[in-house]
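Okay, here's what each chain looks like letter by letter:
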Amino acid sequence: DAGITQSPRHKVTETGTPVTLRCHQTENHRYMYWYRQDPGHGLRLIHYSYGVKDTDKGEVSDGYSVSRSKTEDFLLTLESATSSQTSVYFCAISDWRATGELFFGEGSRLTVL
Amino acid sequence: AQRVTQPEKLLSVFKGAPVELKCNYSYSGSPELFWYVQYSRQRLQLLLRHISRESIKGFTADLNKGETSFHLKKPFAQEEDSAMYYCALREETSGSRLTFGEGTQLTVNP
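What counts and what doesn't
All chains use their own residue numbering, which begins from 1 and follows the written sequence. As they are written, the chains are lettered A onward and the ligands numbered 1 onward, keeping that order. Selection of residues for local features in this predicted model requires a pLDDT of at least 70, selection of side-chain atom pairs for listing and counting requires 80 or more, and totals for whole chains, interfaces and linings are taken over all residues. The side-chain values count all of the structure's non-hydrogen atoms but skip hydrogen atoms and water molecules. To define a nonpolar core, start from buried Ala, Val, Leu, Ile, Met, Phe, Trp, Tyr and Cys residues and group those joined through side-chain atoms within 4.5 Å. Working definition: with a 1.4 Å probe on protein chains only, accessible area under 20% of the residue-type maximum means buried, over 50% means exposed, and in between means partly exposed. To qualify as a helix, a DSSP run of H or I must reach at least 4 residues; to qualify as a strand, a run of E must reach at least 2; elements of each kind are numbered from the N terminus. The contact criterion used is simple: two residues touch if any of their non-hydrogen atoms lie within 4.5 Å. Note on terms: buried area is the combined drop in 1.4 Å-probe accessible area of two parts once they are placed together, counting the loss on both. Within this document, salt bridges are pairs made up of a side-chain nitrogen of Lys or Arg and a carboxyl oxygen of Asp or Glu, the two lying within 4 Å of each other. N or O atoms closer than or at 3.5 Å make up a polar contact, with two conditions inside protein: a donor-capable atom paired with an acceptor-capable one, and, for residues adjacent in sequence, both atoms drawn from side chains. When residue character is reported, Ala, Val, Leu, Ile, Met, Phe, Trp, Tyr, Cys and Pro are called nonpolar, Asp, Glu, Lys and Arg charged, and the others, Gly included, polar. To count as a disulfide, a pair of cysteine sulfur atoms needs to be within 2.5 Å. Here, a strand pair is defined by DSSP locating no fewer than two bridges between the strands. Axis definition: a line fitted to C-alpha atoms, limited for helices to the stretch in contact. Angles are taken between N-to-C directions and run from 0 to 180 degrees.

### Section: the nonpolar core
Residues and elements named next belong to chain B.
- Grouped together as the largest cluster of nonpolar side chains are 25 residues, with contacts concentrated most on W35, L72 and Y85.
- Among the elements that make up this core, the one with the highest residue count is strand β9 (residues 83–90) (4 residues).
- In this structure, Y85 is in contact with Q6, L21, W35, Y36, V37, Y39, L47, F59, L72, G103, T104 and L106, ignoring residues within four places of it in sequence.

### Side note on the interface of chain A and chain B
- Of the residues lining the interface, 22 residues belong to chain A; the matching set on chain B comes to 18 residues.
- Counting the surface chain A buries against chain B, the share from its top three residues, L43, G100 and F104 of chain A, is 27%.
- Where chain A meets chain B, there are 2 salt bridges.
- Note that R49 of chain B is salt-bridged to E101 of chain A, the shortest N-O span being 3.2 Å.
- In this structure, the connection of chain A to chain B is made through 8 residue pairs in polar contact (both at pLDDT 80 or more).
- With 4 residues, the top contributor of residues to the side of chain A that touches chain B is strand β5 (residues 42–51) of chain A.
- Counted by class, the side of chain A that touches chain B contains 11 nonpolar, 8 polar and 3 charged residues.

### Side note on the state of the cysteines
Residue and element names in this part refer to chain B.
- Taken as a whole and judged by the stated rule, the model has 2 disulfides over all chains.
- Disulfide pairing is shown between C23 and C87; the S-S distance is 2.0 Å. Since a negative S-S torsion denotes a left-handed disulfide, the C23-C87 link at about -65 degrees is left-handed. Of this pair, C23 sits in the loop between β3 (19–21) and β4 (24–26) while C87 is found in strand β9, placing the two residues 64 residues apart along the sequence. A single burial state applies to C23 and to C87, both of which are buried.

### Quick word on the sheet that holds strand β8 (residues 73–78) of chain A
Residue and element names in this part refer to chain A.
- Overall, antiparallel pairing links the 4 strands, which are arranged β1-β3-β8-β7 in an open sheet. Each edge of the open sheet is held by one strand with a lone partner, namely β1 (4–7) and β7 (64–70). For this sheet, the mean angle separating the axes of adjacent strands, direction not counted, is 20 degrees.
- Relative to strand β3 (residues 19–25), β1 runs antiparallel, the two being bridged by 4 bridges. For I4, the partnering residue across the bridge sits in β3 and is Q25.

### Some thoughts on the side chain of T77 of chain A
Residues and elements named next belong to chain A.
- Mapped onto the elements of the fold, T77 is located in strand β8.
- Among the polar contacts made by the side chain of T77, one reaches the side chain of T20 at a distance of 3.2 Å.
- Excluding residues that lie within four positions of it along the chain, T77 makes contacts with V19, T20, G63, Y64 and S65.

### Digging into the environment of N109 of chain B
Residue and element names in this part refer to chain B.
- Within the secondary structure layout, N109 lies in strand β11 (residues 104–109).
- N109 sits in the partly exposed class, given a relative accessible area of 24%.
- Along the primary structure N109 and S82 are separated by 27 residues, whereas in three dimensions their C-alpha atoms are 8.6 Å apart.
- What N109 contacts, discounting residues up to four positions off in sequence, is S12, V13, F14 and K15.
- Of note is the side chain of N109, whose polar atom sits 2.7 Å from the side chain of S12.

Now the structure itself:
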């Protein structure tokens, strides 16, 4: 497995609270992504990064923000969690060749009550 | 906007039977198509990509631009093929950003 870890792996929180998910990689890959996985929707891109401090929105970015201050870390923040953000969140990385091959983390299951 | 559709959420076959997981896409440019797989308790991983024209674990997929399809096929399914399969599309200028389909859960029964 590619050196990519997500934390926390499981989290239960209440509506309105802030939540931060962390993705850490040891591969020195340029690109990092956050996807959410929902039944019936597959994986949908939330935000992505193409370098330190370079990020952009995906198709479902509302209610989420990201930061990348170091190559190895990509943080996903829910400023005020809502029940619709209950999901499994996957981080992925890819190298400079941008071939379309993504390496995924194990996922973080978030439940917003 | 590009879109990937997997019409079957669930697919069940018996061991040794042929299996075909359907994938259709809509994209006006020249796409690259991929199949990703997630086995139970494992990470999502790349299975194959159309430009490689390769067979992985007995699976093949042919890009049909006329029908805008990229169906995944295997002539003789095995129990270890049971997994969630995702079709994905990469636009020409999107780097490694992928658009995924809804996924198909394949179950191969003994």
